[in-house]
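Summary of the model geometry
This is what each chain is made of:
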Amino acid sequence: MRDCHIKDPSLREKGRGRIEWAAQGMPVLGLLRERFSRERPLEGVRISACLHVTTESAQLMLTLKAAGADPLLCASNPLSTQDDVAASLVFDHGIKVYALRGEDPRTYYEHIRQAIVHRPSIILDDGGDLTSQVHLLGLGRLDELKEPVREWALSLSPEERSGIIEGILGGTEETTTGVLRLREMEREGVLLFPVIAVNDAYTKYLFDNRYGTGQSTIDGILRATNRLLAGSTFVVCGYGWCGRGIAMRARGMGARVIVTEVNPIRALEALMDGFEVMSLQEAAPIGDFFVTVTGNYHVIRREHLERMKDGAILANSGHFNVEVDLEALEEMAQGRSQPRPGVTQYVMHDGRRINLLGEGRLVNLACAEGHPPEVMDMSFSNQALCCVHLWKKGKGLQRRVYRVPEEIDLEVARLKLRAMGIEIDSLTPEQRRYLESWTSGT
Ligand code: NAI
C-alpha cells in the first residue's frame with residue numbers, strides 16, 4: 001500500500017496533463033529542478049509540506065524530489081485540493097500525498113498528523129496549521145491539539161515527542177496569515193525552530209498576493225456565478241497586497257469599486273489610487289459583490305448583512321473562513337439552497353437572498369484553481385531555495401522568524417526576467433560610486 005490518502009487513483013491521467021501544463025508557466029522552478037537534479041542538495045532530507053494541493057504545488061514537490069528529498073504533501077485547506085493532481089503525484093511520481101477535496105476537520109488534521117509522523121527535517125506551511133500542531137506537541141500543550149493529533153500525541157512518550165521536534169531543523173511559511181501567527185509565537189518566546197517568512201519576499205507578495213490573488217479571486221467569482229462585473233458595485237474589504245490586486249482587476253472588468261479599510265494609510269492609498277473609500281456600513285446597501293481579504297475575523301457581520309440588498313454576493317479570499325460571520329448568516333436565514341455549484345443562497349426572514357461563495361473559504365481555490373503558475377513560479381522557487389538554505393545553514397540560525405535572504409529574492413527575479421527574455425540595465429561603476437557617496441552634491 002502506498003503512503004497516501006487521496007480520493008480516486010483513476011483521476012491520475014487528468015492530473016498528469018494539468019501538472020505538465022503548469023510546468024510551462026513555471027520556467028524558474030524548471031531551471032532549479034535541472035540544477036537540483038545534478039547537484040542533489042537535499043539528498044535524503046524528509047520534508048513535510050502543508051500547502052494547497054494544486055498543479056503548482058505539484059511542481060514544487062517534483063522539484064524537491066529532484067533535489068533528492070523525500071517530500072510529503074498534505075492540504076492546507078479542506079476545499080482547495082485538486083483530487084486529480086493528488087492522484088497523479090502519488091501514482092505517476094511516487095510522492096506521498098494526504099489530501100481529499102472536501103475533507104472533514106478530523107480528516108484534515110489526520111493528514112496533518114501524517115505530515116508529523118513523516119518525521120520531517122523541514123516543514124513548509126501555508127497558514128500555520130502544521131506549524132501550530134507541531135509546536136503544541138513540542139511544548140507539551142497536548143490539550144490544545146486538534147483531534148486526532150491529540151489522541152496520537154497522548155500515546156507517545158515525552159522522549160518520542162521531543163525526538164520529533166528536535167529533528168526539525170526549520171520551516172517556511174507561505175502566506176500573510178501564517179507569518180502573523182509566527183510573529184506572535186516569536187513574541188511569546190515559544191518558537192521551537194527558525195522559520196523563513198517566504199510570504200515577505202518581494203518576489204512573493206508583490207506578485208502572488210497582488211496579481212495572483214487579483215486574477216484568481218475574480219476567476220473564482222465568475223466561475224461560481226457567471227455574473228457580469230461591468231456596471232456592478234464591487235466592495236473589497238482590506239486594501240493590503242491581495243486587496244490591491246482584486247480592486248485593480250475588478251475595476252479593469254468595468255466594476256465600480258469601493259474599498260473598506262481600518263488602516264488610515266491604506267485607506268488614503270486606495271482613495272488616491274482612484275477607488276471610493278467608505279465604511280462597510282455605508283457600502284453594505286449598495287454593493288453587488290463583497291470580497292473580504294483582510295486576514296481578520298468577522299469583517300462582515302450581522303449589522304452589515306442586515307443592510308445588504310437582495311441578491312448580494314459574498315466571497316472571501318483571506319486565508320481562513322472567519323472573515324464573514326457565518327454563524328450570524330445561518331441564524332438570520334430562514335432557509336438555504338444551492339442554486340449553482342459553489343453558491344449557497346441564504347433566504348433571509350424578510351425574503352432577501354444573500355449568496356455565499358465557496359462556503360466562505362478562499363474563493364480562488366474553492367471555486368477556481370488558485371493562482372496561475374506564472375506567479376507560483378516565483379513563490380515556490382523561493383520555497384525551494386529556502387529549503388536548501390535551511391538545510392545548509394539551519395543549524396546556525398536562531399529560533400526566529402527570518403526574511404528570505406536577499407540573494408534568493410534577487411536570484412528569483414533575475415531568473416524570471418531571463419526566462420521571459422527581458423534584459424535590464426546594470427549600474428555603471430560611475431553610477432555605483434555616485435550612489436554610494438554621501439559627499440557628492442550639486
Ligand atoms: P495585508 O496585511 O497586506 O492586508 C490586509 C489588509 O486588511 C490591511 O491593510 C488591514 O488594514 C486590512 N484590514 C484588517 N482588518 C480589516 C477590517 N476589519 N476591515 C477592512 N480592512 C481590514 O495582507 P495580504 O497579504 O493582503 O493578505 C490578506 C489575507 O489574504 C491573508 O489572510 C493572507 O494569508 C491571504 N492570502 C490569500 C491568498 C489567496 O490565494 N486567496 C494569497 C495570499 C494571501
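Residues numbered from 1 in each chain as written. Predicted model: local features only at pLDDT ≥ 70, side-chain atom pairs only at ≥ 80, totals over all residues. Heavy atoms only, no water.

Regarding the overall build of the protein chain
Of regular secondary structure, the protein chain possesses 19 helices and 16 strands. Taking contacts inside the protein chain between residues at least 6 apart in sequence as the whole, the part at least 24 apart equals 72%. Taken as a whole, the protein chain presents about 19800 Å² of accessible surface, with 50% of it coming from carbon and sulfur. In the protein chain, the 53 positive side-chain charges and the 60 negative ones have mean positions that sit 2 Å from each other. (Helix = DSSP H or I, 4+ residues; strand = E, 2+ residues; numbered from the N terminus. Contact = heavy atoms within 4.5 Å. Areas by Shrake-Rupley, 256 points an atom, 1.4 Å probe, with all protein chains shown as cover. Lys, Arg positive; Asp, Glu negative; His and termini not counted. Charge placed at Lys NZ, Arg CZ, Asp CG, Glu CD.)

Topic: the packing of helix α3 (residues 55-66) against helix α17 (residues 373-393)
Direction vectors running N to C along α3 and α17 enclose 30°, while the axes themselves pass 10 Å from each other. As summarised for this structure, α3 and α17 are arranged roughly parallel, according to the angle between their axes. The handedness of the crossing between α3 and α17 comes out as right-handed. Of the residues in α17, those in contact with Glu 56, Ser 57, Leu 60, Thr 63 and Leu 64 of α3 are Pro 373, Met 376, Phe 380, Gln 383, Ala 384 and Cys 387. Looking at the contact of α3 with α17 residue by residue, the class counts come to 7 nonpolar, 3 polar and 1 charged. (Axes fitted to C-alpha atoms, helices over the stretch in contact; angles between N-to-C directions. Parallel < 35°, antiparallel > 145°, perpendicular 65-115°, else oblique. Left-handed = near helix turned anticlockwise from the far one by under 90°. Nonpolar A, V, L, I, M, F, W, Y, C, P; charged D, E, K, R; others polar.)

Some thoughts on helix α9 (residues 176-188)
Side chains that are three or four residues apart share a direction in an α-helix, a result of its 3.6 residues per turn. Over its 13 residues, α9 runs 19 Å from end to end, which matches the ideal 18 Å to within 8%, given 1.5 Å per residue. Inspection of α9 places Thr 177, Gly 178, Val 179, Leu 182 and Met 185 among the buried residues, and these make up the whole buried set. On the buried face of α9, the contacting elements are α6 (129-138), β6 (170-173), β7 (195-197) and β16 (401-403). (Expected span 1.5 Å × (residues − 1). Buried < 20%, exposed > 50% of the residue type's maximum accessible area, 1.4 Å probe, protein only.)

Side note on unusual backbone geometry
In the segment running from Glu 147 into Pro 148, the intervening peptide bond is cis, with an omega of 5°. Tracing the backbone shows Pro 148 in the loop between α6 and α7 (149-154). Its identity as a non-glycine residue notwithstanding, Arg 119 has a phi of 55°, on the positive side. Tracing the chain through its elements places Arg 119 in the loop between α5 (105-117) and β5 (122-125). Taking relative accessible area as the criterion, Arg 119 reaches 40% and is therefore assigned partly exposed. With a phi angle near 55°, Glu 359 is a residue other than glycine that sits in the positive phi range. Here Glu 359 shows up in the loop between β15 (353-357) and α16 (363-366).

A short note on the sheet that holds strand β2 (residues 46-51)
Hydrogen bonding along the main chain pairs the strands of a sheet, whether they run parallel or antiparallel. Taken in spatial order, the 8 strands line up as β1-β4-β3-β2-β5-β6-β7-β16 in an open sheet, and their pairing is parallel. Pairing within the sheet leaves two strands with one partner each, and these edge strands are β1 (4-5) and β16. Two strands pair when backbone bridges link them, and β2 and β5 are joined in this way by 4 bridges, in the parallel orientation. Looking at the pairing, Ile 47 lines up with Ile 122 of β5. Along the sheet, α5 makes contact with β1, β2, β3 (70-75) and β4 (96-98), crossing β3 at roughly 165°. (Pairing = 2+ DSSP bridges.)

Considering the sheet that holds strand β11 (residues 289-292)
What the 8 strands build is an open sheet, ordered β10-β9-β8-β11-β12-β15-β14-β13; its pairing is mixed. Looking at strand neighbours, the two that pair on one side only are β10 (276-277) and β13 (333-340), the edges of this open sheet. Where strand β9 (residues 256-260) lies against β10, 2 bridges are found, and the strand directions are parallel. Looking across to β10, one finds that Val 259 is bridged to Val 277. Helix α11 (residues 241-252) contacts β8 (233-237), β9 and β11 of the sheet and is inclined by roughly 170° relative to β8.

Concerning the site of the ligand
If you check the shell around the ligand, you find 26 residues, and the closest are Thr 175, Thr 176, Thr 177, Glu 261 and Asn 364. One of the side-chain N or O atoms of Thr 176 is found 2.7 Å from an oxygen atom in the ligand. Elements that contribute at least two residues to the shell around the ligand include exactly α9, α10 (202-225) and α11. Per-class residue counts for the shell around the ligand are 7 nonpolar, 17 polar and 2 charged. (Near = heavy atom within 4 Å. Polar contact = N/O pair within 3.5 Å; in protein donor to acceptor, adjacent residues only side chain to side chain.)

Details of a nonpolar patch on the surface
The grouping of Leu 268, Leu 271 and Met 272 at the surface amounts to a nonpolar patch, some 340 Å² of accessible area in total. As for its placement among the helices and strands, Met 272 is situated in helix α12 (residues 264-272). The class for Met 272 is exposed, based on a relative accessible area of 70%. (Patch = residues over 30% accessible without salt bridge, like charges linked within 9 Å, V, L, I, M, F, W, Y side chains within 5 Å. Salt bridge = Lys/Arg side-chain N within 4 Å of Asp/Glu carboxyl O.)

What to know about the domain arrangement of the protein chain
Domain boundaries in the protein chain define domain 1 (4-204 + 370-419) and domain 2 (211-366). Placing the centre of domain 1 and that of domain 2 at their C-alpha centroids yields a distance of 29 Å. Domain 1 puts 18 residues into the contact, and the matching count from domain 2 is 14 residues. Across the interface of domain 1 and domain 2, roughly 1300 Å² is buried in total on both sides, 62% from carbon and sulfur atoms. Joining domain 1 to domain 2, the criterion identifies 0 salt bridges. Where domain 1 packs against domain 2, one counts 6 residue pairs in polar contact (both at pLDDT 80 or more). (Domains from an automatic or database assignment. Buried area = accessible area lost by both parts, 1.4 Å probe.)

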